[in-house]
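# Residue-level structure breakdown
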Amino acid sequence: MEARERLLDKYSARVFKNRKDHVITKAEDATEIAANSRTIPGIMTNRGCCYAGCKGVVLGPLKDVAVITHGPIGCAFYSWGTRRHKAKGDENTKNFLEYCFSTDMQESDIVFGGEKKLRQAIQEVVEIFDPASIMICSTCPVGLIGDDINAVAAEAEKLYNRKVIAFSCEGYKGVSQSGGHHIANNGLIRHVIGTGDRPVKKYAINILGEYNIGGDGWEISRVLKRIGYDIVSVMTGDGSYAELKNAHLAELNVVQCHRSINYIAEMLKTKYGTDWIKVNFIGVSSMIKSLRDMAKYFGDEELIAKTEEVIAEELEAVSEELEYYKSRLKGKTAALFVGGSRSHHYQKLLKDLGVETVLAGYEFAHRDDYEGREVIPFIKEDADSKNIESIKVSPDEAKYKIRLSETKYNELKDSLSLEYYEGMIKEMENGAIIVDDLNHFETEEFLNLLKPDVFYSGIKDKYVAQKGGILSRQLHSYDYSGPYASFKGAVNFARDTVMGIYTPAWKYVTAPWKTEPTLEGTLTGGEQSA
Ligand code: SF4
């Protein structure tokens, strides 16, 4: 029996009926997967909540914004400093990322309402920190008791003369972090983007869906700036309210994490006419392709030549080291289970290093992240996603601008993935397993059945894998290492994986008396020794 069938065989009929469509084996004729649906209660999912997607992922990295978590203290505390989106302030931009702002709701706030406390928190934040903007993120009880955070935000905006935005991202909305991304995207396009007027230079771009984990965004920006790009904003790693206001002025949006930010990419296209392309800055070959695609979009000979020059120099700096790591990793196998984009992006880097992917899956991706954007018209919205607002924007009469002529657009459309993402499955090898919303039982079963050399996942399952003798490297936090993006990042990733796989401790997972019939040793320390 194949690994998939052996796993599913262990489920009760009811669970089998649900999970069989979320676990598939890649084959030419079987690429459809069930995704973005409710998790089975009690199954020990790896998923988080809507608040985590909104506050933790998209808004949290904005350094000059005070993001107030409105709710009891747990949600704020557990999301304080645990996602490694790095940021640096400067003389013009404050950085609040080391802080955690919460209204710390108590029983009386649940009974009598928390608006008063929220008003007080906003006042304290203004007086003590004077942030450029304040964003309020709701947690579960806020929606249940009916606090009107939008009214409080509107009142505070007038009172303190700065942008105050409310996000109704209660944890029970949607089925995962994904709903929170959408809510954050809606708020940013409605209230922030389009309000700035900074002059832009040649080759002005936004980087969308790059959160600067372990410094990834800095490493990507270093290379892009060498080529000559004017980075108007990064959404949202090391990003700021000050930058984001000008995002509508860029000439091109490059999308790294499709899942968390594709809504803004689409709305920027509709409202301001900005084209977007899907890029992948993870892995040397993907990085090179992305840089060439960007240069092709602008079609400027000088930019194309500079791109090739920088690629050659960056490659030369890392090639020798990468070749060595490749020699140590060639022929190894990997399983990847990450949030909504890395399970795809890292497969390219692993391929560069000679590592085969035997299983890959996402916590909260939608079918288009697996199968490609062409399936979007066929995705049926279920009841669980209907409480996530989907907003419609229309062209901004004053600021809308067509970037490419129709002929040029059509010429570039297919070769550049303009407004298109192919999804993860197409590039995977036949026979590989794809799992949506992997749970604890499936993690253990698949690791036993497939025995990959390395399991790339998160903090909750890292030690489960390692106690079973399989290396697990965290692809959310990078195990406190990084950056992993771009040229230098690829070296860091390869080195960390080699160090993990060749760690001598793996030889000691099984006690010697379990495998050797007679143990021989030497006694030392006394006058006599044997
Ligand atoms: S599910 Fe609710 S209580 Fe839990 S972290 Fe999310 S917002 Fe907070």
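Anything mentioned here points back to the structure above.
Below you will find a few notes about this structure. Owing to the predicted nature of the structure, the values given are computational and were not obtained by experimental measurement.

Turning next to the nonpolar core. In terms of nonpolar packing, the biggest core is built from 97 residues, with Leu59, Met135 and Leu224 touching the most fellow members. Val142, Ile149, Tyr160 and Ala166 belong to the second largest nonpolar core, which has 21 residues in total.

As a further point, take the packing of aromatic side chains. Here the structure, examined in full by the defined rule, presents 19 aromatic pairs. Judged by centre distance (5.6 Å) and plane angle (85°), the ring pair of Phe77 and Tyr78 falls under edge-to-face. Here Tyr99 and Phe129 contribute two aromatic rings whose centre-to-centre distance is 4.8 Å and whose plane-to-plane angle is 65°, an arrangement assigned as edge-to-face. Of the two residues, Tyr99 sits in the loop between α4 (73-78) and β3 (101-102) while Phe129 sits in helix α6 (residues 115-129), which places them 30 residues apart along the sequence. Each member of the aromatic cluster is reached from another via a ring pair, and the members are Tyr346, Tyr456, Tyr478, Tyr484 and Phe493. Over the ring of Trp218 we find Lys88, and its NZ or CZ is 4.3 Å from the ring centre. One residue, Arg328, lies across the ring of Tyr502, its end atom 4.0 Å from the ring centre.

The next point concerns the environment of Arg198. Mapped onto the secondary structure, Arg198 falls in the loop between α9 (178-191) and β6 (204-210). Between the alpha carbons of Arg198 and Glu243 there is a distance of 8.8 Å; along the sequence they are 45 residues apart. Among all residues touching Arg198, those that are not within four sequence positions of it are Asp230, Ile231, Val232, Asn246 and Leu249. Only 2.9 Å separates the side chain of Arg198 from the side chain of Asp230, close enough to count as a polar contact.

Here the focus is the packing of helix α3 (residues 50-59) against α9. Closest axis-to-axis distance for the α3/α9 pair is 6 Å, and the angle between their directions is 50°. As far as their axial angle goes, α9 and α3 are oblique. Once α3 is placed against α9, the crossing between them reads as right-handed. Listed contacts from α9 to Cys50, Gly53, Cys54, Val57, Val58 and Leu59 of α3 are Gly179, Gly180, His181, Ile183, Ala184, Asn185 and Leu188. Residues that form the contact of α3 with α9 fall into these classes: eight nonpolar, five polar and no charged.

Conventions and cut-offs
- Sequence order as written defines residue numbering, which begins from 1 separately in each chain.
- Where local features are concerned, this predicted model is filtered to residues with pLDDT of at least 70; where side-chain atom pairs are given and counted, the filter is 80 or more; whole-chain, interface and lining totals use all residues.
- Computation of side-chain values: all heavy atoms of the structure, hydrogens and water removed.
- Put simply, buried Ala, Val, Leu, Ile, Met, Phe, Trp, Tyr and Cys residues joined by side-chain atoms within 4.5 Å make one nonpolar core.
- Three exposure classes are used, based on accessible area relative to the maximum for each residue type with a 1.4 Å probe and protein chains only: buried under 20%, partly exposed in between, and exposed over 50%.
- Pairing of aromatic side chains here covers Phe, Tyr and the six-membered ring of Trp, requires ring centres within 6.5 Å, and sorts the geometry by plane angle: under 30 degrees stacked, over 60 edge-to-face, intermediate tilted.
- In this description a helix means any DSSP run of H or I spanning at least four residues, a strand means any run of E spanning at least two, and both kinds are numbered starting from the N terminus.
- Put simply, a charge is over a ring when the Lys NZ or the Arg CZ is close to the ring centre, within 6 Å, and near the line of the ring normal, within 35 degrees.
- We call two residues in contact whenever any of their non-hydrogen atoms come within 4.5 Å of each other.
- Here a polar contact means two N or O atoms within 3.5 Å. Within protein one must be a hydrogen donor candidate and the other an acceptor candidate, and residues neighboring in sequence count only if both atoms are side-chain atoms.
- In this description, a line fitted to the C-alpha atoms serves as the axis of each element, helices being fitted only across the stretch in contact, and the angle between N-to-C directions of two axes falls anywhere from 0 to 180 degrees.
- Roughly parallel refers to an angle under 35 degrees, roughly antiparallel to one over 145, roughly perpendicular to one between 65 and 115, and oblique to any angle outside these ranges.
- Rotating anticlockwise by less than a right angle from the far helix to the near helix defines a left-handed crossing, while the corresponding clockwise rotation defines a right-handed one.
- Following the grouping adopted for this structure description, the nonpolar residues are Ala, Val, Leu, Ile, Met, Phe, Trp, Tyr, Cys and Pro, the charged ones are Asp, Glu, Lys and Arg, and the polar ones are all others, Gly among them.

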